[in-house]
Amino acid sequence: MRMSIEFSTRVARAWDGARACENAQMRAAPLVLPASLVTALRAARSVAVLTGAGVSAESGVPTFRDAQQGLWAQFDPRELATPSAFARNPKRVWDWYAMRRDMVARVAPNPAHFALAELERRVPDFLLATQNVDGLHRRAGSVRVVELHGNITRVRCSAEGTVVAQWREPADALPPRCPACGAYLRPDVVWFEEMLPADALAAAEDAARRCDVLLVAGTSAEVYPAAALPELAQRAGALVVEVNPNETPLSADAGHVLRGPAGVVLPALVAAAFPG
Ligand code: OAD
């Protein structure tokens, strides 16, 4: 299992804007929920969920790799989401995350987030592992959540790692500093080349190994180690279900693929499995 966040070759190509937009299915396809899937979800004692940026798309939070509006189509992650980028230009990185933090504060959870919170209430053993840093799952009422890539609403000391609740923007062109040691503050997110929080990853892997059903929603399934969770679940015998309007590297191996926006598919699936 790879521990630090890695780019795949496909991601590198996406930076160059080479990938075509494949959103046609998002507009057209009628939603079909296979009876065997509905039955399996209803019968499951243990459900795990892996979410990505697509689950927050209908809240107005941009994804990363969608060809036109994705953040990595407009910004180079090597300049914004790596420790070396922060070392080179801390203020630029700080400001970019501050802009996204403000944006996240202005949006609200969507029906996909609420459906997953409802699913948690219906299943005895449940874990939601998210790559999203926006905190929208908790705001929708999810409790058993692990944030694999941190949380953009928090800020921590870049030297000691201590979370800092309050800070003031300095007048000079530098990020604010840690009140304890004076090092720059940084967003409490995981950057490329950094390790994921070990306890969050371990909890997600445990859940993947023991679940009966793994729902994988709104992720391009390209960024490791999160992208390894479906295979882990499948090898342990789970039914893996992808919810995504577009094809991903997972699509060919998933037990079921539900093509459509998470805000439509997930409420329909949860309502079908747990009516009333
Ligand atoms: P991506 O931007 O890579 O993928 C988003 C996925 O959501 C794509 O497969 C879309 O087809 C799908 N999608 C778009 N709209 C959707 C909708 N309404 N409903 C369901 N799916 C939809 O985002 P992630 O897979 O989350 O890491 O990216 C993983 C990590 O790469 C992120 O956590 C971030 C990024 O670089 C860091 O910043 C370290």
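Remember, predicted model here, so these are calculated numbers, not experimental data.

### Digging into the nonpolar core
Moving on, step 1. Within the largest apolar cluster, 27 residues are counted, with the highest numbers of intra-cluster contacts made by L41, V47, V49, L119, L215 and L266.
Moving on, step 2. Contributions of two or more residues to this core are made by α3 (35–43), β1 (46–51), α9 (111–122), β2 (125–130), β6 (213–217), β7 (239–243) and α13 (262–273).
Moving on, step 3. For this core, the leading source of residues is α13, giving six residues.
Moving on, step 4. Excluding anything up to four places from it in sequence, L266 contacts A112, A115, L116, L215, A217 and V243.

### A closer look at the pairing of strand β4 (residues 150–157)
Moving on, step 1. Taken across its eight residues, β4 has six buried, putting it largely inside the fold.
Moving on, step 2. As paired strands, β4 and strand β5 (residues 185–189) are joined by five bridges and run antiparallel to one another. Within β5, the residue paired with N151 across the bridge is D188.

### Section: the confidence of the model for the protein
Moving on, step 1. Across the protein, the average pLDDT comes to 90, with 89% of residues at 70 or higher.
Moving on, step 2. Within the protein, helix α1 (residues 9–15) has the poorest average pLDDT of any element, 33, and β1 the best, 99.
Moving on, step 3. Contacts for the low-pLDDT stretch residues 7–25, under 50 throughout, to residues beyond four places or in other chains number 26 contacts.

### Observations regarding the packing of aromatic side chains
Moving on, step 1. Tallying each qualifying case throughout the model produces nine aromatic pairs.
Moving on, step 2. With a centroid separation of 5.6 Å and an interplanar angle of 20°, the aromatic rings of W72 and W96 are classed as stacked. Placement of the pair is W72 in helix α5 (residues 71–74) and W96 in helix α8 (residues 90–106), with a sequence separation of 24 residues.
Moving on, step 3. W96 sits in the buried class, given a relative accessible area of 5%.

### Examining the sheet that holds β2
Moving on, step 1. Across the sheet, six strands lie side by side as β3-β2-β1-β6-β7-β8; this open sheet has parallel pairing. Of all strands in the sheet, those with a lone pairing partner are β3 (145–147) and β8 (256–258), marking the two edges. Strand-to-strand twist across the sheet, computed as the mean angle between neighbouring axes with direction ignored, equals 15°.
Moving on, step 2. The pairing of β1 with β2 spans six bridges and is parallel.

### Topic: unusual backbone geometry
Moving on, step 1. For the bond from Y224 to P225, the omega torsion is 10°, close enough to zero to count as cis.
Moving on, step 2. Tracing the sequence through the fold places P225 in the loop between β6 and α12 (229–235).
Moving on, step 3. With phi around 80°, E193 is a residue other than glycine that occupies positive phi space.
Moving on, step 4. Looking at the element boundaries, E193 is found in the loop between β5 and α11 (198–210).
Moving on, step 5. On the basis of relative accessibility, which here comes to 54%, the residue E193 falls in the exposed class.
Moving on, step 6. Even without glycine at this site, A221 takes up a positive phi of about 55°.
Moving on, step 7. Mapped onto the elements, A221 comes out in the loop between β6 and α12.

### Focus on the pattern of salt bridges
Moving on, step 1. Tallied over the entire structure, the rule returns 16 salt bridges.
Moving on, step 2. One salt bridge connects K91 with D95, and the closest N-O pair in it is separated by 3.2 Å. Of this pair, K91 and D95 both sit in helix α8, separated by four residues, roughly a single helical turn.
Moving on, step 3. Residue K91 is classed as buried on the basis of its relative accessible area of 19%.
Moving on, step 4. You can call D95 partly exposed: its relative accessible area is 35%.
Moving on, step 5. Among the salt bridges present, the one from R259 reaches E242, with a minimum N-O distance of 3.5 Å. In this pair, R259 sits in the loop between β8 and α13 while E242 sits in strand β7, placing the two residues 17 residues apart along the sequence.
Moving on, step 6. A residue is classified by how much of its surface remains accessible, and R259, at 18% relative accessible area, is buried.
Moving on, step 7. When salt bridges that share partners are traced, they join E147, R154, R156 and D188 into one network.

### Let's talk about the site of the ligand
Moving on, step 1. Surveying the vicinity of the ligand reveals 25 residues, the closest of which are F64, R65, T219, S220 and N244.
Moving on, step 2. In this structure, an oxygen atom belonging to the ligand sits 2.6 Å away from a side-chain N or O atom of R65.
Moving on, step 3. In the model, an oxygen atom of the ligand is placed 2.7 Å from a nitrogen or oxygen of the N244 side chain.
Moving on, step 4. For the ligand, whose unbound accessible area comes to 790 Å², protein coverage reaches 96%.
Moving on, step 5. Counting contributing residues, the shell around the ligand receives three or more from each of domain 1 (1–9 + 30–61 + 109–149 + 195–276) and domain 2 (62–106 + 153–189).

Rules of the game
Residues numbered from 1 in each chain as written. Predicted model: local features only at pLDDT ≥ 70, side-chain atom pairs only at ≥ 80, totals over all residues. Heavy atoms only, no water. Core = buried A, V, L, I, M, F, W, Y, C linked by side-chain atoms within 4.5 Å. Buried < 20%, exposed > 50% of the residue type's maximum accessible area, 1.4 Å probe, protein only. Helix = DSSP H or I, 4+ residues; strand = E, 2+ residues; numbered from the N terminus. Contact = heavy atoms within 4.5 Å. Pairing = 2+ DSSP bridges. pLDDT = per-residue confidence, 0-100. Phe/Tyr/Trp six-rings, centres within 6.5 Å; stacked < 30°, edge-to-face > 60°. Axes fitted to C-alpha atoms, helices over the stretch in contact; angles between N-to-C directions. Salt bridge = Lys/Arg side-chain N within 4 Å of Asp/Glu carboxyl O. Near = heavy atom within 4 Å. Polar contact = N/O pair within 3.5 Å; in protein donor to acceptor, adjacent residues only side chain to side chain. Areas by Shrake-Rupley, 256 points an atom, 1.4 Å probe, with all protein chains shown as cover. Domains from an automatic or database assignment.

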